[in-house]
Amino acid sequence: MGGSVMSEQLVDRFGRVHRDLRISLTDRCSLRCTYCMPAEGVPWLARSTMLSTEEIVHVARVGVSLGITEIRLTGGEPLLRVDIVDVVRRLTALTGPAGSPEVSLTTNALRLPGLASDLKDAGLSRVNISLDTLDRAKFLELTRRDKLVETLAGIAAADAAGLHPVKINAVAMRGVNDDEVVALTRFAVDRGYQMRFIEQMPLDAGHTWDRAEMVTQAEILERLRSAFRLEEVPGRGAAPAELWTVDGGPATVGVIASVTAPFCGACDRLRLTADGQLRACLFSQTETNVRDLLRGSSDAPDAAALGIGPGQALRVGATAPPRPAPAAVDVDTALADAYRRCLAGKKAGHDIDDPSFLQPDRPMSAIGG
Ligand code: SAM
Ligand code: SF4
């Protein structure tokens, strides 16, 4: 691939240079966290609309040629993808003007005991793991699955495989786990992990988010300061988490205050959904369809074309059958153009606090957190 169209950076109309691509590998998940998915009746993405591994790597390759230097795999639960190790290997092998991208992963950790060392060998740099509570009954209530022991085993496996730094994410919820802010931080600090608390965002499938109920950054810090001496770490850059050293360091704790202290001004992220839509923001109301560009038409292959009958599952990660492809260079140019069109519509901020704010139709599990 060459030519000027592929070498220009991804800059939006506010001058933000985009270097981070979050790729959702599936909207399926092995847990049902209350702030993310309903207990039942999830409107799954149709299998036929989901990108094949080849297609994902193609979109990423063009992104890397345009200056993407970081790729985060997410979902849904990205480790449910059967060829996850291959996906990581192929993405870490891409090269662009700044070399190969750093590839990391956000996961619920359930499949890490069997996968962590293969992922490390494939070039995965590190993992962010969700853990909202250390209490088994609460874990069951929160995720609707009795899997705390397995999650903790997955965290230990990531550590043992050298996927450092291990970052632990918890969504703070009033009356649910806000009393565990200190305990979770101690758990992480004692093991050399970084604890990060996330303000709950209006991205749940049930649209039940309530601003007044949300645990704010200020409240999280107040709880932390009751047990630890915190000092702010300068030089945050485009990172969503603001960091503090714990008791003089080197351990740090972070807060991702997307609602009360939005970091949109420094945002450098773009998202690719599992069904091939580029999104400029978690909260975008519009998407740029790259699936149709890749498939050369607006017709996605239907279930019959993929060889599956009604009620049959297609393995996540299975590859759609080959179809006549448009000339490769044309598709690369069209994809580069799609990245730019997507960015052209990016707003200055998410405006969650604005009365006109609309929650996106897709839940977090179908966007990719
Ligand atoms: N299944 C993986 C996991 O849980 O880490 C990856 C996908 S999950 C959607 C990515 C991150 O989004 C997790 O850290 C999760 O806690 C966070 N998340 C999900 N719904 C959220 C919400 N409504 N507000 C804030 N964070 C949310
Ligand atoms: Fe699954 Fe992650 Fe959503 Fe929990 S937060 S339901 S683990 S995608």
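Residues numbered from 1 in each chain as written. Chains lettered and ligands numbered in written order. Predicted model: local features only at pLDDT ≥ 70, side-chain atom pairs only at ≥ 80, totals over all residues. Heavy atoms only, no water.

A. The overall build of the chain, seen in detail. A count of helices and strands for the chain gives ten helices and twelve strands. Counting all 369 residues of the chain, 55% fall into the buried class. Within the chain, contacts between residues separated by at least 24 positions form 74% of all contacts whose residues are at least 6 apart in sequence. With an accessible surface of roughly 15400 Å², the chain has 52% of that area assigned to carbon and sulfur atoms. (Helix = DSSP H or I, 4+ residues; strand = E, 2+ residues; numbered from the N terminus. Buried < 20%, exposed > 50% of the residue type's maximum accessible area, 1.4 Å probe, protein only. Contact = heavy atoms within 4.5 Å. Areas by Shrake-Rupley, 256 points an atom, 1.4 Å probe, with all protein chains shown as cover.)

B. Geometry of the sheet that holds strand β3 (residues 102–107). Taken in spatial order, the twelve strands make up an open sheet running β7-β8-β9-β6-β5-β4-β3-β2-β1-β10-β11-β12, and their pairing is mixed. Strand pairing shows two members of the sheet lacking a second neighbour, β7 (230–232) and β12 (288–289), which therefore form its edges. In terms of strand pairing, strand β6 (residues 194–199) meets strand β9 (residues 252–256) through four bridges, oriented parallel. Along β9, the bridge assignment pairs R196 with G254. Strand contacts of helix α5 (residues 148–160): β4 (126–130) and β5 (167–172), with the helix running at about 165° to β4, the strand carrying the most contacts. Strands in contact with helix α6 (residues 181–191) are β5, β6, β8 (242–246) and β9; relative to β6, the strand with the most contacts, it is inclined by about 150°. (Pairing = 2+ DSSP bridges. Axes fitted to C-alpha atoms, helices over the stretch in contact; angles between N-to-C directions.)

C. Representation of the pattern of salt bridges. In this structure the tally under the stated criterion is 20 salt bridges. Residue E180 pairs with K138 through a salt bridge whose shortest N-O separation is 3.1 Å. Here E180, found in the loop between β5 and α6, pairs with K138, found in helix α4 (residues 136–143); they are 42 residues apart in sequence, far enough to count as distant. Among the charged side chains, a salt-bridge network with shared partners connects K138, D179 and E180. (Salt bridge = Lys/Arg side-chain N within 4 Å of Asp/Glu carboxyl O.)

D. Summary view of the site of ligand 2. Looking at ligand 2, the residues that line it are C29, L31, C33, Y35, C36, M37, G76 and N108. Tallied by class, the residues present in the shell around ligand 2 amount to six nonpolar, two polar and no charged. (Near = heavy atom within 4 Å. Nonpolar A, V, L, I, M, F, W, Y, C, P; charged D, E, K, R; others polar.)

E. Region of the structure containing the site of ligand 1. In the vicinity of ligand 1 lie 19 residues, with Y35, G76, E77, S130 and M201 positioned nearest. In the model, an oxygen atom of ligand 1 is placed 3.3 Å from a nitrogen or oxygen of the T107 main chain. One of the backbone N or O atoms of M201 is found 2.8 Å from a nitrogen atom in ligand 1. Burial of ligand 1 by the protein chains amounts to 95% of its free accessible area of 540 Å². Listing elements by their share of the shell around ligand 1, those giving two or more residues are β3, β5 and β6. Partitioning the shell around ligand 1 into residue classes produces seven nonpolar, ten polar and two charged. (Polar contact = N/O pair within 3.5 Å; in protein donor to acceptor, adjacent residues only side chain to side chain.)

F. Quick peek at unusual backbone geometry. A cis amide bond, omega -10°, links H164 with the succeeding residue P165. For the bond running from G249 to P250, omega is 5°, close enough to zero to count as cis. Position of P250 relative to the elements: it lies in the loop between β8 and β9. Positive phi values are uncommon outside glycine, yet R144 reaches one of about 60°. Examined against the element boundaries, R144 turns out to sit in the loop between α4 and α5. When its relative accessible area of 29% is taken as the criterion, R144 is described as partly exposed. Even without being a glycine, D247 presents a positive backbone phi close to 50°. Here D247 shows up in the loop between β8 and β9.

G. Layout of the packing of helix α2 (residues 84–92) against helix α3 (residues 112–121). Two elements in contact, α2 and α3, have axes whose closest approach is 9 Å; the angle formed by their N-to-C orientations is 20°. Compared by their axis directions, α2 and α3 come out roughly parallel. Helix-helix and strand crossings are classified by hand; for α2 and α3 the assignment is right-handed. Counted together, I84, V85 and V88 of α2 and L115, D118 and L119 of α3 form the full contact between these two elements. In terms of residue class, the contact of α2 with α3 is built from five nonpolar, no polar and one charged. (Parallel < 35°, antiparallel > 145°, perpendicular 65-115°, else oblique. Left-handed = near helix turned anticlockwise from the far one by under 90°.)

H. Representation of the UniProt feature "binding site: [4Fe-4S] cluster 1" (unreviewed entry) in the chain within the structure. UniProt records the feature "binding site: [4Fe-4S] cluster 1" (unreviewed entry) at C29, C33 and C36, using the numbering of this structure. As for its placement among the helices and strands, C29 is situated in the loop between β1 (20–24) and α1 (53–65). For C29, the contacting residues outside a window of four places in its chain are M37, W44, E77, L80 and N108. Residue position: C33 is located in the loop between β1 and α1. You can call C33 buried: its relative accessible area is 15%. Leaving out residues up to four positions away in the same chain, C33 has contacts with L142, T143 and R144. (UniProt positions renumbered as here; feature names shortened; annotations may be inferred.)

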